[in-house]
Amino acid sequence: MQQEAPAEGATGTGDPLEVWIDQDLCTGDGICAQYAPEVFELDIDGLAYVKSEDDELLQDPGATTRVPLPLLTEVVDSAKECPGDCIHVRRVSDKVEVYGPDAE
Ligand code: SF4
């Protein structure tokens, strides 16, 4: 059986990933919340924030949450499409950005 390995293929290590948003650059268009509403949500201030694994909106600027593996593609697509270039996806282990404006 052929297996897909999105995390390993995506990061090269299979490490868990986390995501955070730089609200200073968020345009509030809501693309991320459309792609991955389980991870991103617009708050009443019109800016996007990440949500915890318990579905709680983390309203501290720059708050970080784990990327659920089944939603990796949606989160990565959000980072790629984000007009503010302000979605950062990084490895939990060493905080190296793997998707987003600071990724190599
Ligand atoms: S896609 Fe980027 S700019 Fe648009 S709401 Fe989400 S974080 Fe903000």
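Residues numbered from 1 in each chain as written. Predicted model: local features only at pLDDT ≥ 70, side-chain atom pairs only at ≥ 80, totals over all residues. Heavy atoms only, no water.

Colleague: Looking at this structure, how should I read the pairing of strand β5 (residues 87-91)?
Modeller: Successive residues of a regular strand alternate their side chains across the two faces of the sheet. With five of five residues buried, β5 lies mostly within the body of the structure. Both faces of β5 are covered, namely the face carrying Ile-87, Val-89 and Arg-91 and the face carrying His-88 and Arg-90. Note that strand β1 (residues 17-21) and β5 share five bridges and pair antiparallel. The partner of Glu-18 across the bridge, within β5, is Arg-90. From the end of β5 to the start of strand β6 (residues 97-99), which pair antiparallel, there are five residues, and Lys-95 there has a positive phi angle of about 65°. (Buried < 20%, exposed > 50% of the residue type's maximum accessible area, 1.4 Å probe, protein only. Helix = DSSP H or I, 4+ residues; strand = E, 2+ residues; numbered from the N terminus. Pairing = 2+ DSSP bridges.)

Colleague: What am I meant to see in the site of the ligand here?
Modeller: Around the ligand sit 15 residues in total, of which Cys-26, Thr-27, Asp-29, Cys-32 and Cys-82 are the nearest. Classifying every residue of the shell around the ligand by side-chain character gives ten nonpolar, four polar and one charged. (Near = heavy atom within 4 Å. Nonpolar A, V, L, I, M, F, W, Y, C, P; charged D, E, K, R; others polar.)

Colleague: I would appreciate a short explanation of the sheet that holds β6 in the present structure.
Modeller: Hydrogen bonds along the backbone pair up the strands of a sheet, which may run parallel or antiparallel. With respect to topology, four strands assemble into an open sheet ordered β4-β1-β5-β6, the strand pairing being antiparallel. Every interior strand has two partners, whereas the edge strands, β4 (64-66) and β6, have only one. Direction aside, neighbouring strands of the sheet carry axes that sit 40° apart on average. With three bridges connecting them, β1 and β4 associate as antiparallel partners. Bridged to Val-19 within β4 is Thr-65. Sitting on the sheet, helix α3 (residues 72-81) is in contact with β1, β5 and β6, with an inclination near 130° to β5. (Axes fitted to C-alpha atoms, helices over the stretch in contact; angles between N-to-C directions. Contact = heavy atoms within 4.5 Å.)

Colleague: What should I look at first to understand the confidence of the model for the protein in this one?
Modeller: A low pLDDT means the predicted coordinates there should not be read in detail. Predicted confidence across the protein gives a mean pLDDT of 91, with 88% of residues reaching 70 or more. Below pLDDT 50 for its whole length, residues 1-9 participates in seven contacts with residues either more than four positions away or in separate chains. (pLDDT = per-residue confidence, 0-100.)

Colleague: Can you walk me through the nonpolar core in this structure?
Modeller: The tendency in soluble globular proteins is for nonpolar side chains to be buried as a group. Membership of the largest hydrophobic core comes to 24 residues, with the highest contact counts inside it found for Val-19, Phe-40, Val-75, Ile-87 and Val-89. Every element with two or more residues in this core is listed here: β1, β3 (48-50), α3, β5 and β6. Of all the elements, α3 adds the most residues to this core, at four residues. Beyond its immediate stretch of four places on either side in the chain, Val-19 contacts Val-39, Phe-40, Val-50, Ala-63, Thr-64, Thr-65, Val-67, Val-75, Ile-87, His-88 and Val-89. (Core = buried A, V, L, I, M, F, W, Y, C linked by side-chain atoms within 4.5 Å.)

Colleague: Help me understand α3, please; the structure alone is not making it clear to me.
Modeller: Two residues of an α-helix separated by three or four positions point the same way, owing to the 3.6 residues in each turn. Among all positions in α3, only Leu-72, Val-75, Val-76, Ser-78 and Ala-79 are buried. All buried residues of α3 project into a common sector of 155° when viewed along the axis, lining one side. (Arc of directions from axis to C-beta.)

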